[in-house]
Amino acid sequence: MRFRKNIILVLFLILGTTLSAQNYRKHQQWFFGAHAGYNAFWGDITDNGNHILPGGPFQESYYKDRKVMYGAWLGKEFNNKFSFRTQFIYGQMVGTSDFDKKQFSSSNREFNVTLAIDLVDLFDWNHKSPWDWYVYGGIGVLSFRSTLYSLNSGEIIRFAPFDSIKFHSNRRLMTMVIPFGMGINYNLTKNWRFTLETNMRSASSDWLDGEVSKKRNFEGYSLTSIGVTYVFNIPKKGNRGSRHSNFEAMSDNSGKEYRKVRHNGNISKNPFKQRRPHRSSVKIKGQRRGKVFKTPD
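What you see is a predicted model; the values in this text were computed from it and never measured. (Residues numbered from 1 in each chain as written. Predicted model: local features only at pLDDT ≥ 70, side-chain atom pairs only at ≥ 80, totals over all residues. Heavy atoms only, no water.)

**Digging into the packing of aromatic side chains**
Line of reasoning, step 1. Here the structure, examined in full by the defined rule, presents 11 aromatic pairs.
Line of reasoning, step 2. Plain terms: the ring middles of Phe 41 and Phe 104 are 4.7 Å apart, the flat faces sit at 65 degrees to each other, and that makes the pair edge-to-face. Here Phe 104 lies in strand 4 (residues 102-118) and Phe 41 lies in strand 1 (residues 30-42), a separation of 63 residues in the sequence. Each of the two residues, Phe 41 as well as Phe 104, counts as buried.
Line of reasoning, step 3. Arranged with centres 4.5 Å apart and planes meeting at 35 degrees, the rings of Phe 159 and Phe 167 form a pair that is tilted. (Phe/Tyr/Trp six-rings, centres within 6.5 Å; stacked < 30°, edge-to-face > 60°. Helix = DSSP H or I, 4+ residues; strand = E, 2+ residues; numbered from the N terminus. Buried < 20%, exposed > 50% of the residue type's maximum accessible area, 1.4 Å probe, protein only.)

**Points about the pattern of salt bridges**
A pair can form between side chains of opposite charge whenever their charged atoms are brought close.
Line of reasoning, step 1. Enumeration over the complete set of coordinates arrives at five salt bridges.
Line of reasoning, step 2. Residues joined in a network through salt bridges with shared partners are Lys 102, Arg 158 and Glu 211. (Salt bridge = Lys/Arg side-chain N within 4 Å of Asp/Glu carboxyl O.)

**Topic: the pairing of strand 1**
Line of reasoning, step 1. Of the strand pairs in this sheet, strand 1 and strand 2 (residues 68-77) are connected by nine bridges, and their pairing is antiparallel. Within the sheet, the bridge partner assigned to Trp 30 lies in strand 2 and is Lys 76.
Line of reasoning, step 2. Sheet topology places strand 1 next to strand 9 (residues 220-232); 13 bridges connect them, and they run antiparallel. Bridged to Trp 42 within strand 9 is Gly 220. (Pairing = 2+ DSSP bridges.)

**A closer look at the environment of His 27**
Line of reasoning, step 1. Along the polypeptide, His 27 turns up in the loop between helix 1 (2-19) and strand 1.
Line of reasoning, step 2. With 49 residues separating them along the chain, His 27 and Lys 76 place their C-alpha atoms 9.1 Å apart.
Line of reasoning, step 3. Contacts of His 27, omitting those with residues within four sequence positions, involve Asn 233, Ile 234 and Lys 236. (Contact = heavy atoms within 4.5 Å.)

**So, the layout of surface pockets**
Line of reasoning, step 1. A volume near 640 Å³ is recorded for the largest pocket.
Line of reasoning, step 2. Together, 38 residues line the largest pocket, and Gln 29, Glu 77, Asp 132, Asn 187 and Arg 193 are the ones closest to its centre.
Line of reasoning, step 3. For the lining of the largest pocket, the secondary-structure elements that each account for two or more residues are strand 2, strand 3 (82-97), strand 4, helix 2 (119-122), strand 5 (131-150), strand 7 (173-187), strand 8 (192-203) and strand 9.
Line of reasoning, step 4. Ranked by residue count, the leading element in the lining of the largest pocket is strand 4, at five residues.
Line of reasoning, step 5. Taken together, 17 residues make up the lining of the second largest pocket; nearest its centre are Ile 52, Tyr 62, Thr 198, Ser 222 and Thr 224.
Line of reasoning, step 6. Residue assignment for the lining of the second largest pocket shows that the elements contributing at least two residues are strand 1, strand 7, strand 8 and strand 9.
Line of reasoning, step 7. A per-class count over the lining of the second largest pocket returns nine nonpolar, seven polar and one charged. (1 Å grid on protein atoms, 1.4 Å probe; cavity = no way out; pocket = protein on both sides within 12 Å on 5 of 7 lines; lining within 4 Å. Points joined across faces, edges and corners; volume = space filled by probe spheres on them. Nonpolar A, V, L, I, M, F, W, Y, C, P; charged D, E, K, R; others polar.)

Here's what the structure looks like:
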């Protein structure tokens, strides 16, 4: 619990620093993107073989019990050091404990908000580098449905939600999560970025795997993903430059004056004399009339 309070405190400090150092305007430096990656469960129903410690990628079990998760994000850069984003993640999760002879699977949906610090720009390491290295943390909500099985018999031990009727009617449990991690951006162009992230999240509920036990103090999951991000500016409403160039006639009073004079029957006055040489509209060269023949009676 102390860990979560410290994370939230750090987030408030980051937000305060961010708001006092804004450089970009409201319509500038927005971004959205999509990503996909593999997860690993941390909790009661796992042998920890697919974790980075102790064996990491050098052991065969590291690549087991991993499922694909997909996600998308939308955010705003306050300046070149700090950014804010919202994120949605969806995917499956599994875990196996050979010691307990149990296995679980779950369906997960997560929504979170995070604040990020770009360490390259924060410490002025290299402004011209196309690389960004950032750390981030936030808060979110996770909804899940889990099923716990027996490896010996294959029978279902428990559902989460606990009532099988609620489970089969697609009811979900919800819990607060604290995501934190780090990532690397490579700026392909001014607008496109390639992103690699690895992160973890701590969950408030101990029911992610359908088992409540004191064997593990930490329950949650990690996610390593790759993605693509597009950076853009929101078009400003009421752009004076474009309005002046495209709608100049609407703000020109000479057209209104011309219609008024024409309505009164006097069109000798040219309201556009400042734009073209003066030429009276009533001075028309006379034409000779032709002979008129009457039809004899």
